Amino acid sequence: MNTVSAVSNVTAGPRPDVHHLQLQLRAVEGAVVRVLGLVERRGFRLLACEAEEVRDGGQPLSLRVRSERSPELLKRQLERLHDVLQVELKHPGVRHHA
Amino acid sequence: MSLLDKREDTSAEPLSGSQLMIEALKRNGVKEIFGYPGGAIMPLYDALVGSGLKHYLTRHEQGASLAADAYGRVTRRAGVCMATSGPGATNLVTGIANAYMDSVPMVAITGQVASSLIGTDAFQEVDIFGITLPVVKHSFVVRDVSEIPEIMDEAFRIAESGRPGPVLVDFPKDVSVAMHSPSPVTRHPSPAPQPVDEAAIAAANELLTKARRPLVIAGGGIAISDAVDAFREFVERTGLPVTATLKSLGSLPTDHERFLGMLGMHGNEAANHAVQNCDLLMVIGGRFDDRVTGKLTHFAPTAQVIHMDIDPAEVSKLRKPDVAIVGDLAPALAKLGPDEPPRASWINQCEAWKKEFAWRYDAPGEGIYAPKLLRDMSRMRDDLVIACDVGQHQMWVAQHCRFNDPLEHLTSGGLGTMGYGLPAAMGAKVAKPEKKVVAVCGDGSFMMNVQELATLNRYGIDVRILLLNNAMLGMVRQWQELFFEGNYSEVDLSDNPDFARVAEAFGIGSKTIDKPGEVGGGLEWLLADDDQGPRLLHVQIDPMENVWPLVPPGQANHKMMGNRS
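The rules behind each value
Residues numbered from 1 in each chain as written. Chains lettered and ligands numbered in written order. Predicted model: local features only at pLDDT ≥ 70, side-chain atom pairs only at ≥ 80, totals over all residues. Heavy atoms only, no water. Helix = DSSP H or I, 4+ residues; strand = E, 2+ residues; numbered from the N terminus. Rg over C-alpha atoms; globule rule 2.2 N^0.38 Å. Buried < 20%, exposed > 50% of the residue type's maximum accessible area, 1.4 Å probe, protein only. Areas by Shrake-Rupley, 256 points an atom, 1.4 Å probe, with all protein chains shown as cover. Lys, Arg positive; Asp, Glu negative; His and termini not counted. Charge placed at Lys NZ, Arg CZ, Asp CG, Glu CD. Contact = heavy atoms within 4.5 Å. Expected span 1.5 Å × (residues − 1). Arc of directions from axis to C-beta. Polar contact = N/O pair within 3.5 Å; in protein donor to acceptor, adjacent residues only side chain to side chain. Phe/Tyr/Trp six-rings, centres within 6.5 Å; stacked < 30°, edge-to-face > 60°. Lys NZ or Arg CZ within 6 Å of the ring centre and 35° of its normal. Axes fitted to C-alpha atoms, helices over the stretch in contact; angles between N-to-C directions. Left-handed = near helix turned anticlockwise from the far one by under 90°. Pairing = 2+ DSSP bridges.

S.K.: Would you explain the overall build of chain B in this entry?
M.R.: Secondary structure summary: chain B contains 23 helices and 20 strands in total. Taken over C-alpha atoms, the radius of gyration comes to 24 Å for chain B, in line with the 24 Å a tight globule of 565 residues would show. For chain B, the spread of C-alpha atoms along the principal axes amounts to about 75 × 60 × 45 Å. Counting across all 565 residues of chain B, residues that qualify as buried make up 59%. Only carbon and sulfur atoms are counted for the fraction: they give 51% of the accessible area of chain B, which is about 21700 Å². Taking the 52 positively charged and 70 negatively charged side chains of chain B as two groups, their mean positions are separated by 4 Å.

Here it is as structure tokens:
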């Protein structure tokens, strides 16, 4: 599978403030950068990002992020982006500040 | 019949991208546009001639985007602005961000260099799509002429639906001149409204029934979602006391017996005391802005919270509610209410606070007292729409003017954009010519978009300007006085121009007053029903006057400073 990935030099262990999000985007101009910008603007450190090959007009995107802030809130903020079709919070951790 | 309709009927010749853009604007109900031409957008301006769309040439692109913002607020339809690439586009950005922060529907069209030049640092090329990503609800780059009808329909749908916001459409020059035979436009039906969450309604009603000291915070979403009537019916039916955010002033008439005034940093003390002492807080279309809450952990410390909003991303962003009702406000409000009216002891307490902290206007001093002037002005007529700049006068308007409808008060709440008042008043007057529109400006703010006096004069847009001149950046000076030990830094504007002469130079009539005895006559002249067009009343006020009361930054709302009421 062809992938484009970026990984920061921050070590991400099994910490409660580290979260994994799986997104499905419209494969349109700006969709990925819009998501990444929102993630950082809303106070989440991007630890890893993997964009899989576009298929069926959709762009799968996997993110690992770190923050004390609520990942559920980040999920809702991502879901209101027009080009975001689906967000799944795969490893929500245990410390949620809803 | 539009060009597009003709083409569909007769299979006429193809249309240019610019003609398709004009047709899309008309199809989406646009009648007026604010903008400024330039190189990359010249084909669109070429197509504009004879199109039937009324274009208002502002004298700076920021004036165009702020006018479109106000147009969008008062009509609840997307205001439209357009500008060329590069600096034209970047000059729109403040207005776009202003609309984003206050959830205002807007469509902004920017010219762009030709597709082949994008990414080459071409003349007047800037990545406006990238620059505006954080401050738009959505954005498009039109890459192919065939996409124009669908993109534009989608732009308006996104801007105006759900929680409204600005949408940017970047329009490369080659696309604007490319020819295309459009297919008949398919209008996508609006999605069906979400059903009201009955379980949340039941849980909220249980809290309302159990509450001993319930209080409502009316937020800006009430006006945005056209829920004013439903909200007023709810208040009349339940008898709950109400306070309002800056953007919701007028959701309940200022003189309503249950209305405690604005809450927050410069709110009325009655409202802030009620919030701090209530045991149930019902936030309707609000977002717990820091200017509303003060120190968040001390905000409404004894209250359970019901939070109503159409945007699920607002729920639990800053304060976790006990019950969240996500969706359109009006149908939910119709289903809400306690079994019994609120306890008399709580209502009596709220009324006692309201009486204790009622505004007073017996200010010492020889000069004109701006709060009293504003109170007097707003009580001279019932049909005023007041657009504000940002600063001390903005808070005085919020505190002392009477509003019977939230659309009568246009203020830059989220972004706090100095220079908003004049172009906003212009946009509102274009949208609602039957209204008496007043721009209340500070001297610092006024100078930021003073060039729009030329726009008023060119089109005879009958905006009345009340310029409160304290020769100072008053709010910054007040904070330096209170929180920086009086170390005044770059706030002196005593070398302001003679504003009356400035107005005259733009062809706008003017008067200057500086004595309390001149206020009545000045206001009558300002608001007169005559055909003399726009005018400016220049009012000189005390440079050292402060806005009271004030919650110091980082403090709880009940720790207000400087109560002179």
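From this point, the discussion proceeds with the structure in view.
S.K.: Teacher, can you tell me more about the overall build of chain A here?
M.R.: Broken down by element type, chain A carries 2 helices and 5 strands. In chain A, the succession of α and β elements from N to C terminus is β-β-α-β-β-α-β. Long-range contacts, defined here as pairs at least 24 residues apart, represent 75% of the contacts in chain A between residues at least 6 apart. Entry remark: accessible area of chain A is about 5200 Å², with carbon and sulfur atoms responsible for 48%.

S.K.: Looking at this structure, how should I read the environment of Lys-90 of chain A?
M.R.: Looking at the element boundaries, Lys-90 of chain A is found in the segment after β5 (84-89). Setting aside anything within four residues of it in sequence, one finds Lys-90 of chain A in contact with His-20 and Gln-22 of chain A.

S.K.: Just to check I follow, could you spell out helix α9 (residues 198-210) of chain B for this structure?
M.R.: Spacing of three or four residues puts side chains on the same side of an α-helix, whose turn is 3.6 residues. All names here are of chain B. Between its first and last C-alpha atoms α9 spans 18 Å; for 13 residues at 1.5 Å apiece the expected length is 18 Å, and the two agree. Taken residue by residue, α9 has Ala-200, Ile-201, Ala-204, Asn-205, Leu-207 and Leu-208 as its buried positions. Each buried residue of α9 lies within a common arc of 160 degrees when the element is viewed along its axis, so the set occupies one face. With respect to the buried face of α9, the exposed residues turned more than 90 degrees away are Ala-199 and Lys-210. If you check the start of α9, you find a side-chain oxygen 3.2 Å away from the backbone N of Ala-199, and it comes from Asp-197.

S.K.: How should the packing of aromatic side chains be read in this particular structure?
M.R.: A ring pair, where both rings are aromatic, is described by two values, the distance of the centres and the angle of the planes. Residue and element names in this part refer to chain B. Scanning the entire structure with this criterion turns up 7 aromatic pairs over all chains. Note on Phe-34 and Tyr-56: the rings are 5.5 Å apart at their centroids and 25 degrees apart in plane angle, and the pair reads as stacked. Highlighted residues: Phe-34 in strand β2 (residues 32-36) and Tyr-56 in strand β3 (residues 54-57), separated in sequence by 22 residues. A relative accessible area of 10% means that Tyr-56 is categorised as buried. Both rings, one in Trp-479 and one in Phe-483, keep their centres 5.2 Å apart while their planes meet at 75 degrees; by these two values the pair is edge-to-face. Pair noted here: Trp-479 and Phe-483 are both in helix α21 (residues 474-483), with a separation of 4 residues, about one helical turn. Each residue in the set Phe-34, Tyr-56, Tyr-71 and Tyr-459 is aromatic and connected to the rest through ring pairs, giving one cluster. Seen from the ring of Tyr-56, Lys-54 lies directly overhead, with NZ or CZ sitting 5.3 Å from the centre. Positioned above the aromatic ring of Tyr-361, the side-chain terminus of Arg-375 is 4.4 Å from the ring centre.

S.K.: When you look at the packing of helix α2 (residues 17-27) of chain B against helix α7 (residues 148-160) of chain B in this model, what are you seeing that I'm missing?
M.R.: When two helices pack together, you describe them by how their axes are tilted relative to each other and by the distance separating the axes. All names here are of chain B. The N-to-C vectors of α2 and α7 enclose an angle of 35 degrees; their axes lie 9 Å apart at closest approach. Pair α2 / α7 crosses with right-handed handedness. Across the interface between the two elements, Gly-17, Leu-20, Met-21, Ala-24, Leu-25 and Arg-27 from α2 touch Ile-148, Pro-149, Met-152, Asp-153 and Phe-156 from α7.

S.K.: Whenever I open this one, the pairing of strand β15 (residues 384-388) of chain B confuses me. Can you help?
M.R.: Regular strands show a simple pattern: their side chains alternate between the two faces of the sheet. Residues and elements named next belong to chain B. Among the 5 residues in β15, 5 count as buried, and that is most of the element. Every second residue of β15 is oriented toward a common face, with Leu-384, Ile-386 and Cys-388 on one face and Val-385 and Ala-387 on the other, all of them buried. As defined by bridge partners, β15 adjoins strand β17 (residues 436-442) across 5 bridges and the pair is classed as parallel. Bridge pairing in β17 links Cys-388 to Val-440. Pairing of β15 with strand β16 (residues 409-410), which is carried by 2 bridges, proceeds in the parallel orientation. What sits directly across from Ile-386, in β16, is His-409.

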